[in-house]
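Given next are the chains, with one letter for each unit.
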Amino acid sequence: MDIFSRIAAGEIPSYKCAENDEFYAFLDINPLVKGHTLVIPRREVDYIFDMDDDEIGRYQQFAKSVAVALKKAFPCKKVAQVVLGLEVPHAHIHLIPMQSEADVDFRRDKLKLTEEEFKEIAAKIYAEFKKQ
């Protein structure tokens, strides 16, 4: 089982932002901005385009719901969706609240947040997600 599957299963702690039976969203522990969230399928699939059409459609719908919650929790111009990540062999979408394109520069220094800040951010997003 890869690290993201273990996170979704609750074996490794995470800052949960949203979930359903198929997908799980949690805060990136090396965020670019407050609210930087990862959205993963619960099943192990390395490459997003290996998902069948129906599953990828549901995945995008779930990610959209998380993005809507994220924008309400952290008002921004847009929520960026970025798919990359060769370091973890599990499909994942980065959702990043952005005021400018500079907010999505993965080469820049990451935020250093306290556990309390992570908990507060995740709770804010989860509360908005639950309202939908």
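Residues numbered from 1 in each chain as written. Predicted model: local features only at pLDDT ≥ 70, side-chain atom pairs only at ≥ 80, totals over all residues. Heavy atoms only, no water.

Draft legend 1. Inspection of the overall build of the protein chain at higher detail. Scanning the protein chain from terminus to terminus reveals 3 helices and 5 strands. Of the regular secondary structure in the protein chain, the N- to C-terminal order runs α-β-β-β-α-β-β-α. Its C-alpha radius of gyration of 14 Å places the protein chain within 12% of the 14 Å reference for a compact globule of 132 residues. The dimensions of the protein chain, computed from C-alpha atoms along their principal axes, are 35 × 35 × 30 Å. (Helix = DSSP H or I, 4+ residues; strand = E, 2+ residues; numbered from the N terminus. Rg over C-alpha atoms; globule rule 2.2 N^0.38 Å.)

Draft legend 2. View of helix H2 (residues 53-73). The terminal C-alpha atoms of H2 lie 30 Å apart, and with 21 residues this matches the ideal 30 Å at 1.5 Å per residue to within 8%. Inspection of H2 places Glu-55, Ile-56, Tyr-59, Phe-62, Ala-63, Val-66, Ala-67, Ala-69, Leu-70 and Ala-73 among the buried residues, and these make up the whole buried set. Projected down its long axis, H2 shows its buried positions confined to an angular sector of 165 degrees, all on one face. Of the exposed residues in H2, the ones pointing more than 90 degrees away from its buried face are Asp-53, Asp-54, Gln-61, Lys-64 and Lys-72. The N-terminus of H2 is capped by Asp-52, whose side-chain oxygen sits 3.2 Å from the backbone nitrogen of Asp-54. (Expected span 1.5 Å × (residues − 1). Buried < 20%, exposed > 50% of the residue type's maximum accessible area, 1.4 Å probe, protein only. Arc of directions from axis to C-beta. Polar contact = N/O pair within 3.5 Å; in protein donor to acceptor, adjacent residues only side chain to side chain.)

Draft legend 3. Region of the structure containing the sheet that holds strand E2 (residues 23-27). The antiparallel open sheet is built from 5 strands, whose spatial order is E1-E2-E3-E5-E4. Taken across any chain shown, the strands that pair with only one partner, and hence form the sheet edges, are strand E1 (16-19) and strand E4 (78-82). Ignoring strand direction, the axes of neighbouring strands in this sheet form an average angle of 20 degrees. The pairing of E2 with strand E3 (residues 37-41) spans 5 bridges and is antiparallel. Looking across to E3, one finds that Leu-27 is bridged to Thr-37. Seen against the sheet, helix H3 (residues 115-130) touches E1, E2 and E3 and runs at an angle of roughly 25 degrees to E1. (Pairing = 2+ DSSP bridges. Axes fitted to C-alpha atoms, helices over the stretch in contact; angles between N-to-C directions. Contact = heavy atoms within 4.5 Å.)

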